[in-house]
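Structural overview for review
Spelled out, the chains give:
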Amino acid sequence: MTRICAPLSLTTSQRLVLEELRRSRSVLYRAWQLKEALRDVYRLRDLGAAHQFLDRWLAWACRSRIPAFVKLSKTIRARRDGILPPPEPGPSHSKLEGLNSKIRLINHRGYGHHSAAAVIAMIYLCCGGITVELPTRR
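Here goes a summary of the coordinates provided. (Residues numbered from 1 in each chain as written. Predicted model: local features only at pLDDT ≥ 70, side-chain atom pairs only at ≥ 80, totals over all residues. Heavy atoms only, no water.)

**Structural notes on the nonpolar core**
In terms of nonpolar packing, the biggest core is built from 13 residues, with Leu-34, Leu-54, Trp-57 and Phe-69 touching the most fellow members. Looking at this core, the elements that each hand over two or more residues are helix H2 (27-41), helix H3 (47-63) and helix H4 (67-78). A total of 5 residues in this core trace back to one element, the largest contributor, which is H3. With 5 residues, the next largest nonpolar core counts Leu-18, Leu-21, Tyr-29 and Trp-32 among its residues. (Core = buried A, V, L, I, M, F, W, Y, C linked by side-chain atoms within 4.5 Å. Buried < 20%, exposed > 50% of the residue type's maximum accessible area, 1.4 Å probe, protein only. Helix = DSSP H or I, 4+ residues; strand = E, 2+ residues; numbered from the N terminus.)

Rendered as C-alpha cells:
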C-alpha cells in the first residue's frame, strides 16, 4: 500500500499516485489537500495570518462535502480557543505561580504557625526583597 505524506518528502511513485488522483478529481485527493492545508496552519509564524488561514480552511472544509472534514471543521470551531493561541497573548501567570510555590514552601517549612499574622510576616520577610544582615556577620 502506498503511503502519501508531506509533499516535500514524496517519492516518485507517490507523486505519480497523487497526480493520478488529481487528474481523476478524486475525493481522496481533496481530502489530502485539506489535510496538508490544515498542517500549514501550524507552519505559519504570524499568529494573525494563522487565524485568517484557519478561517479560510474551516470554510473550505465545510464546503468540501466530505463528512469527516465537515465534522472536523465543526469540532475545530467549537474548540478553536484551545487550538491556536490568541493573536495577542495575555499576561503570563508564571510569576504568580512562582510566588504561590514560595508561599507554600514557607508554610510547610514552618510546620504550622501560631497565627495568620506570623505566616504573613514570614511571607513578607522571605518574598519582600529585603536583605537582612545579622550584626554578627559584618
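**Observations regarding the side chain of Ser-64**
By the secondary structure assignment, Ser-64 is in the loop between H3 and H4. A distance of 2.7 Å separates a polar atom in the side chain of Ser-64 from the backbone oxygen of Ala-61. With residues up to four places along the chain from it excluded, the contact list for Ser-64 reads Arg-30, Leu-34, Phe-69 and Val-70. (Polar contact = N/O pair within 3.5 Å; in protein donor to acceptor, adjacent residues only side chain to side chain. Contact = heavy atoms within 4.5 Å.)

**Regarding the state of the cysteines**
With the rule as written, the count across this model stands at 0 disulfides. In this model Cys-126 remains outside any disulfide bridge; the closest cysteine sulfur is found in Cys-127, 6.1 Å from its own. Residue class for Cys-126 comes out partly exposed when judged on its relative accessible area of 38%. (Disulfide = S-S within 2.5 Å.)

**Structural notes on a nonpolar patch on the surface**
On the surface, Met-122, Leu-125, Ile-130, Val-132 and Leu-134 cluster together to form a nonpolar patch covering roughly 470 Å² of accessible area. Within the element layout of this structure, Ile-130 appears in the segment after helix H7 (116-127). Classification of Ile-130 by relative accessible area gives exposed; the value is 62%. (Patch = residues over 30% accessible without salt bridge, like charges linked within 9 Å, V, L, I, M, F, W, Y side chains within 5 Å. Areas by Shrake-Rupley, 256 points an atom, 1.4 Å probe, with all protein chains shown as cover. Salt bridge = Lys/Arg side-chain N within 4 Å of Asp/Glu carboxyl O.)

**Looking at H3**
With 17 residues, H3 ought to run about 24 Å at 1.5 Å a step, and its terminal C-alpha atoms sit 24 Å apart, in line with that. Among the residues of H3, Ala-50, His-51, Leu-54, Trp-57, Leu-58 and Ala-61 are the ones counted as buried. Down the axis, H3 shows its buried residues gathered within 125° of arc, on one side only. Structural note: H3 exposes Arg-56 and Arg-63 on the side pointing more than 90 degrees away from its buried face. Where H3 is buried, its residues meet H2, H4 and helix H5 (80-83). (Expected span 1.5 Å × (residues − 1). Arc of directions from axis to C-beta.)

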